[in-house]
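Listed below are the residues making up each chain.
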Amino acid sequence: MTDNIYNFDTTARYKLLAQASYSKAENVEHIHSLIELKKLIESDLTKLALEGCPPNFPEILKMFQLELKRFETFCSFPYLAQKNVIGIGGAFSAGKSSFLNTLLGSKKLVVEVDPTTSVPTYLMSGDSESITGLNLFDRTINLSTEDFLSFTHEEYEHFGSEVAGLLKSVFIQDTEFKWDNLALLDTPGYSNTETQFNSDRTDAKVAFSQLNTAHFIIWIISAVNGTISEDDLDFLSRIDPTIPKLIVLSRSDLKPREDLEAIQQLILELTAKRGIEILDVILSSARKRKEFPLDQIETYLNQWNSEKRSLLFAQNFKRLFLQYERYLDEQLRLTHMQLNRMNRIATLSELPEILNDIDALRLIIQEKFRQVSVTKENLTLLQKLFFQKLSRIGKMVGISLPEPNEIELVEVRNITLEPLLKEILTEQRVHLNQMHLKWEIFSIDMPLSNIQKLLRRTPQNTCLLWANLMV
């Protein structure tokens, strides 16, 4: 096993392997609670959906799973919870490692590893220098710089081991890291989007899952290729479209300036055609840093660093539950409306056969109303249990996660109240005439029942705060 080129301590290597493969988690209660939380969504909520669910339920389920993945990572490393995560992605050998090493300066803690053994790595500021690994059994292990740098594609040849394959994530804290509110996430370089998405541990699957939990994405493309590949376009099109994306053209020194401008324009055109929004395409070179400075990239990073990140796990989960709940509320409203129509129709006829048909239809509608009501009750119970478990896990890892009130999720923005109030008054058959002044509209005595449901129907769930009365 010993290699003449790589001298290493056999005892230290065995200790590293033992730690990386140790299956007994440090916080069993915490891990079990996370498993129960996942079961509530992936099993219980899915079963409930069979009783009736929104048309976009697959999307809701996917967002639950992504948010749970992000929450699981933050539970393992709470220090990361309030960081803006910048996902660094790209194809294998696109130049991600060279770009990161150039960006970070003299620190050489990033290496390009084989796709089969690569591990997502978070780089961030810290009070002390440390490298922490999280193994497949959710146990944290301390790594030396030498340990981490040994996770190369030649690891098996030189050491007879593949420790990186036993790790879920690595967290590097660096006292010289410039951005206090950022964490750079170095994801595995994917090798093939179509064939690699079938397994949970392939590089493409890991990279895709990790990048979808990021708040911003920097995507690396080699200028040598002359354009963005179809695989890159396919991969980017699968990532959450709301995540801002920046493209960096690595190895730009290998192309003439006029070619680089054409490549930049072509990339912008091709991504636009695929519906992928790109902030910019920036040139980079690890060999000729002065000719291709990273000022533009640092400007973006400084901007993202200034954005404070609040803990929004509870709010994000609540919004997903509300999407389901609103669908059920709408179904209840429609069935109630149908019952009212049946009752009105019944008053227009005295023919027994018609009345019998109406009674039969009424029973069908009443049964549907009952079924939807039961589904909503079950959803309410599931939601309550979910947030109880979420809050309990939060206390275990030092994160406060109470269930948010629905009103807390309403965004605040300026809006003109007058048109909305007129619409509400019209619905309630309060007749207006030209003599009503603007201030009189606000003084009309009008009870507002079901205020939470009313707020749900306002545009983008926004709170109506300021009235531009004199416009």
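In this text, all values refer to a predicted model and were calculated from it rather than measured experimentally. (Residues numbered from 1 in each chain as written. Predicted model: local features only at pLDDT ≥ 70, side-chain atom pairs only at ≥ 80, totals over all residues. Heavy atoms only, no water.)

Caption draft 1: Quick peek at the packing of helix α3 (residues 57-76) against helix α13 (residues 352-397). At a closest axis distance of 10 Å, the pairing of α3 and α13 adopts a crossing angle of 25°. One way to sum up the angle between α3 and α13 is to call them roughly parallel. From α3, L68, F71 and C75 reach across to α13, where they touch F386, L390, I393 and V397. Per-class residue counts for the contact of α3 with α13 are 7 nonpolar, no polar and no charged. (Axes fitted to C-alpha atoms, helices over the stretch in contact; angles between N-to-C directions. Helix = DSSP H or I, 4+ residues; strand = E, 2+ residues; numbered from the N terminus. Parallel < 35°, antiparallel > 145°, perpendicular 65-115°, else oblique. Contact = heavy atoms within 4.5 Å. Nonpolar A, V, L, I, M, F, W, Y, C, P; charged D, E, K, R; others polar.)

Caption draft 2: Quick look at α13. Along its 46 residues, α13 runs 67 Å from first to last C-alpha, staying within 8% of the 68 Å computed at 1.5 Å per residue. The positive-phi residue at the C-terminal boundary of α13 is G398, with phi of around 80°. (Expected span 1.5 Å × (residues − 1).)

Caption draft 3: Focus on unusual backbone geometry. Look at S93: it is not a glycine, yet its phi comes out positive at around 70°. With respect to the element layout, S93 can be found in the loop between β1 (84-90) and α4 (96-104). Judged by relative accessible area, which is 40%, S93 ranks as partly exposed. Notably, R251 is not glycine yet its phi reads approximately 55°, a positive angle. Relative to the elements of secondary structure, R251 occurs in the loop between β8 (245-250) and α10 (257-273). By relative accessible area, R251 is classed as partly exposed at 30%. (Buried < 20%, exposed > 50% of the residue type's maximum accessible area, 1.4 Å probe, protein only.)

Caption draft 4: Quick peek at the pairing of β1. The buried fraction of β1 amounts to 7 of the 7 residues, a majority that puts the element mostly inside the structure. Burial along β1 is two-sided: the face carrying N84, I86, I88 and G90 and the face carrying V85, G87 and G89 are both buried. As paired elements, β1 and strand β6 (residues 182-186) share 5 bridges and run parallel to each other. By the bridge assignment, V85 is partnered in β6 with A183. (Pairing = 2+ DSSP bridges.)

Caption draft 5: Main features of the pattern of salt bridges. Applying the stated criterion across every chain yields a total of 15 salt bridges. Note that K39 and D44 form a salt bridge whose closest N and O atoms lie 3.3 Å from each other. Salt bridges sharing partners connect three or more residues here, namely K38, E72 and K168. (Salt bridge = Lys/Arg side-chain N within 4 Å of Asp/Glu carboxyl O.)

Caption draft 6: Geometry of the packing of α3 against helix α12 (residues 313-346). For the pair α3 and α12, the least separation of the axes is 10 Å and the interaxial angle reads 165°. Regarding the angle of α3 to α12, the classification is roughly antiparallel. Taken as a pair, α3 and α12 cross one another with a handedness that is left-handed. Of the residues in α12, those touching α3 at F57, I60, M63, F64, E67, L68, R70, F71 and F74 are F313, N316, F317, L320, F321, Q323 and Y324. When the residues that make up the contact of α3 with α12 are grouped by side-chain class, the tally is 12 nonpolar, 2 polar and 2 charged. (Left-handed = near helix turned anticlockwise from the far one by under 90°.)

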